[in-house]
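Below, each chain spelled out in residue letters.
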Amino acid sequence: MKKDAVKTLDKPDVRKVKRLSLVWVVPLLALALAGYLIYQQFVERGLALTLVFPEAKGLVPGKTELRYQGFKVGVVSHLSFDAQSGQFTAHINAMRDLEPLLKEKTQFWLVKPKASLLGVSGLDTLFSGNYIAMLPGDGKGRRHFIARRTPPPEPVPDGVFMVELALRNLGSLGEGSPVYYRRVPIGEVHSYRLDKEAGAVVLQLTFDENYADLVRRDSRFRDVSGIKVEADLSGIKVDSQGLVPMLTGGLTMDSPDDSPAAEYGQRFVLAQERRFSHQVHLNLEKPLYLPAGTPIIARQHVIGEVMDSNDSGVLLGFSEQPMDPFYAWVAERSLKDLQVETLLHSHYIRLLQGVDGRHILHNTPPLPSANDDELLVKLISDKKLADGTPIQYKGFTVGEVIYSHLGGDKAVAEASIRKSYRHLVTADAHFASSDPLELDASLAGVKVKAAPLEAWWQGAVRLEPGKGKAAPFDSRFELDKVVQAPMRQLVLEAKPPRDLPKGTPVRKDGFTVGRVLDSQLGKGGDSARVRIELRKDLAINNSRFYWQPALKVDASLQGLSVTLPDLQSAVAGSIELAKAPGKAKSLVLYPDKDSALAQGPTLSLWVPADTEIQVGTAIKYLGYPVGKVKALLDKPDGRYLTLAFDGELGARFAHEGSQFSLVKPNISLSGISHLDALLGSYLAVMPAKAPKAPKAARRLDFRLSPALYPHKLVTLAAASAANLSPGAPVWYRELPVGEVLDISLMPTGDGVFIKLAIRDQAAAWVTSKSRFWLKSGVKASFGFFDGLKVESASLQSIAQGGIQFATQSGGQPVERPLPLFKAEPQGWEDWSPEQAPQEAVPQG
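In short, a report on the structure. The shown structure was predicted, so the numbers you read here are calculated from the model rather than taken from an experiment.

## Digging into the nonpolar core
Counting 23 residues, the largest nonpolar core has Leu716, Ile754, Leu756, Phe772, Ile803 and Leu820 as the members making the most contacts within it. Elements that contribute at least two residues to this core include exactly strand E53 (711–718), strand E54 (729–732), strand E55 (735–745), strand E56 (752–759), helix H7 (760–763), strand E57 (770–774), strand E60 (803–807) and strand E61 (818–821). Take this core: its biggest share by element is four residues, from E56. Setting aside its immediate chain neighbours within four residues, Ile803 contacts Leu716, Leu724, Pro729, Val730, Trp731, Val740, Ile754, Leu756, Phe772, Trp773, Lys775 and Leu820. Val179, Val201, Leu251 and Met253 belong to the second-largest nonpolar core, a separate cluster that totals 21 residues.

In structure tokens, the structure reads:
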């Protein structure tokens, strides 16, 4: 038994278990990921389209987009070229959502920017580049298409009335060409196509909903594009309806009132001939041949033309029944009516309705008689006035030139003045030519004054009534009669001397009232005598003469100010005459307007001899110009300036206590100041604290102040200037209270004197107990327990240096220079000064 038991234990019990090994998990995950990536790439790839283009211009792979109604639905991936056909194929990767729209009749075309007289299209391509547009169609699904060379015609929008018009050739008509009805645009050419069966070009015309009822079943359309010229031995016939149809093409429509409304889509045929509804035969006053096509003008419009002409008379054709009676006469070529039809005709017919002409074509127009309401006058001039030239009074047309003829060696213009304006024509009235365009140009702007449009081509005649009695019928007036005003001669004294050429104008309020006769240098050479000729009727008691230069430039950081008086004075300048209050020498030629109109006193200012300043330097108060340096005199002890102020401002500063300081631009590490002086230094003035001071405090001479703000001078003595320089700040308890004005050597050469300007509010704290020390650089200290401590002053004090001071109590007024120490005193933060007396006077 024991043996059997042992054998039984030696045999293992083996069982097979079917399990999935973990080794297969990784390949399965990789296979799933690969499948997902393949599916994702298939989805992102989208649809593959191919479009055939005749050229690749404007197609950029990776950039040119396919758009549908402005939305990007694809992009050109690459291009291929077929050498046999010479065409290019654009391969497009498009969205799969586009598949239902890809049918046989779907159309594609390339959108580019396009500009013409009719408008501008494709402006969005200027920023995004060219793109491919599509228009869905019907049919079976397709992926390969041939692109159109031009965009397809857009369908007629819903609710818009449309008719068709058939014509032999397109001519200058195109999409957008206007359709006129009585010269009012009521529609346009929407699209056109070639109808091969009908052998004609068919236009689709669309009309605004407000004018659709004007289109009748019997409406007639005519082509009014461009200029139609017909030339033969009898003359040249020109036909045009205006500038817009001349350049862009156009149609005009006539509709009978008794015709029913047209149907949508009705087809019309273009009228090829002009037909006149009314004809009139006129006998000739004198034998005259007028070629067919000669226009007839009435009420400034062409209402017909000559149909035939022979020895017995002329046959006139009218588009509408003319009013009877009427007076017709033959007029020479004129631009008055602004009709292109009259440009190339030597004669045309003018028609005046309401005047009996007895059915005769006259050679001269009708003239008013002494019993008529209109007044007839004759204008005598050296040149002919065109028929219809308007006569105007203050811009209103009061009459016109009927016609002109030669009377001896002068041209005589027969003019008619309307009934309501004939009282303006007095026996001493003046008639003058009026230019159609008056230009007043300056650097500040350009002013253009234009006459009415009817006066542009041939000008106009301006009527200036007089004060005499009414002029009788058929009075004669000389056109542009020159009335010379009585003149007198004056001699002006010019300081500084100025040589003015003969003929330099003398002007007042923009009008020329005289001229310069000659100019001579006076005795001593400090003045000049200018002899002028001036109108006698001008009073000069309260007037002053001044020189107006051709161009005046005032440049500053606020901008560039350029003054150009007018074009007449821009050549060489002029002498201006202006009124000025107060008493002044009226026969003095002042150098400028400011000097002439100045009312206040002139002040004298002393500055050091090395001060850089010149005549013309501006004087400013709080940044606003108030005057200029008018004269400069150098003397051994310095320079003496003469200051002149605008208006009465001189009296404002002529008081004890006013201060003048020279301002220059300052650029330092502390900042930038006085940028307004970058283009030139100027004098800054600060008036006295009590501008209404008594006369005893009045002062006319001043000395240049080192600083403009109220201050006291303090002098320090030091062994050297260290790193100090003029402009370095002065601090009191870390607040700036002044600046270094000047650094000079001591007379003994033992050291330097440093002159400080301390503001008034801090100057009271400068006493004999004050301690001044250098404040600059970097201060560092090291301790085993405290470590490294670094104290730095401002960037300005590091580069430029600075001075700080503190004051103990018990000090006395300063009488001599105070020493400048290199280091700060111990415990200065705890010092508390007592205010020192204000009469402290620094020495040094």
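Once the structure has been displayed, the description carries forward.
## Observations regarding the pattern of salt bridges
Under the criterion given, the structure shown has 19 salt bridges. Lys495 serves as the salt-bridge partner of Glu493, at 3.9 Å between the closest nitrogen and oxygen. You can call Glu493 partly exposed: its relative accessible area is 35%. For Lys495, a relative accessible area of 47% gives the class partly exposed. Of the charged contacts, one joins Lys775 and Glu734 as a salt bridge, the two residues approaching to 3.1 Å between their closest N and O atoms. Of the two residues, Lys775 sits in the loop between E57 and strand E58 (778–783) while Glu734 sits in the loop between E54 and E55, which places them 41 residues apart along the sequence. What makes Lys775 buried here is its relative accessible area of 17%. Each of Glu164, Arg193, Asp195 and Arg267 takes part in salt bridges that share partners, so that together they form one network.

## Describing a negative patch on the surface
Taken together, the side chains of Asp372, Asp373, Glu374 and Glu400 make up a negatively charged region of the molecular surface. Its relative accessible area of 48% is what places Asp373 among the partly exposed residues.

Definitions and limits used
- Residues numbered from 1 in each chain as written.
- Predicted model: local features only at pLDDT ≥ 70, side-chain atom pairs only at ≥ 80, totals over all residues.
- Heavy atoms only, no water.
- Core = buried A, V, L, I, M, F, W, Y, C linked by side-chain atoms within 4.5 Å.
- Buried < 20%, exposed > 50% of the residue type's maximum accessible area, 1.4 Å probe, protein only.
- Helix = DSSP H or I, 4+ residues; strand = E, 2+ residues; numbered from the N terminus.
- Contact = heavy atoms within 4.5 Å.
- Salt bridge = Lys/Arg side-chain N within 4 Å of Asp/Glu carboxyl O.
- Patch = residues over 30% accessible without salt bridge, like charges linked within 9 Å, V, L, I, M, F, W, Y side chains within 5 Å.
- Areas by Shrake-Rupley, 256 points an atom, 1.4 Å probe, with all protein chains shown as cover.
- Lys, Arg positive; Asp, Glu negative; His and termini not counted.
- Charge placed at Lys NZ, Arg CZ, Asp CG, Glu CD.

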